[in-house]
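Each chain is listed here by its residues.
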Amino acid sequence: QVQLVESGGGLVQAGGSLRLSCATSGFTFSTYGMGWFRQAPGKEREFVASITWNGGRIYYADSVKGRFTISRDNAQNTVYLQMNNLKPEDTAVYSCARSSILFGASLNVGDFRFWGQGTQVTVSS
């Protein structure tokens, strides 16, 4: 059974940092791309970042480029999202997801099949 469990969310002031983790199980982590998405109240889920199976290709939404960093540890079956210089508009529920594309990753929500329950990130001004 595929499981993804996020942690690391919380309340932080603007300009602060948080590191999200997504621990996975139930599949061969090292053969799938992974992604982070977020959903703010009243808005659709949006792409944040994704990474291929070995980290060889990484994609970011324009809104987080230069502030967020996605990484993965295949030995620990975990994907991370380091978020720096956070802004109030980053407030959302952040979820990790497993790509349905073997080895690859994309920017499209539809290319991700399994999702975690999400972790709340709140940035105060």
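Our subject is the structure that appears above.
Residues numbered from 1 in each chain as written. Predicted model: local features only at pLDDT ≥ 70, side-chain atom pairs only at ≥ 80, totals over all residues. Heavy atoms only, no water.

### Details of the sheet that holds strand β7 (residues 68-73)
Okay, so step 1: The four strands lie next to each other as β1-β3-β8-β7, forming an open sheet whose pairing is antiparallel. Strands with a single pairing partner mark the edges of an open sheet, and in this sheet they are β1 (3-7) and β7. Strand after strand, the sheet turns through a mean of 15° between neighbouring axes, direction not considered. (Pairing = 2+ DSSP bridges. Helix = DSSP H or I, 4+ residues; strand = E, 2+ residues; numbered from the N terminus. Axes fitted to C-alpha atoms, helices over the stretch in contact; angles between N-to-C directions.)

### Some points on the state of the cysteines
Okay, so step 1: One pass over the structure, following the stated rule, counts one disulfide.
Okay, so step 2: Through a disulfide, C22 is tied to C96; the S-S separation comes to 1.9 Å. Across the S-S bond of C22 and C96 the torsion is about 50°, and the bridge reads as right-handed. Within this pair, whereas C22 is found in strand β3 (residues 18-25), its partner C96 is found in strand β9 (residues 92-102), the two being separated by 74 residues in sequence.
Okay, so step 3: The class for C96 is buried, based on a relative accessible area of 0%. (Disulfide = S-S within 2.5 Å. Buried < 20%, exposed > 50% of the residue type's maximum accessible area, 1.4 Å probe, protein only.)

### Comments concerning the pairing of β1
Okay, so step 1: What you see with β1 is a clean split: L4 and E6 sit on the buried side and Q3, V5 and S7 on the side with no burial.
Okay, so step 2: As paired elements, β1 and β3 share five bridges and run antiparallel to each other. Each residue of the ladder has a partner; that of Q3, found in β3, is S25.

### A closer look at the packing of aromatic side chains
Okay, so step 1: Summed over the entire model, instances satisfying the criterion amount to six aromatic pairs.
Okay, so step 2: Between F27 and Y32, the ring centres sit 5.8 Å apart and the planes meet at 80°, which makes this aromatic pair edge-to-face.
Okay, so step 3: An aromatic cluster is present here, built from F37, F47, F112 and W115 joined pairwise through their rings.
Okay, so step 4: Positioned above the aromatic ring of F27 is the side chain of R98, whose terminal nitrogen or guanidinium carbon lies 5.2 Å from the ring centre.
Okay, so step 5: The aromatic ring of Y32 is capped on one face by R98, whose charged end is 3.6 Å from the ring centroid. (Phe/Tyr/Trp six-rings, centres within 6.5 Å; stacked < 30°, edge-to-face > 60°. Lys NZ or Arg CZ within 6 Å of the ring centre and 35° of its normal.)

These values are about where atoms sit, not about what they do.
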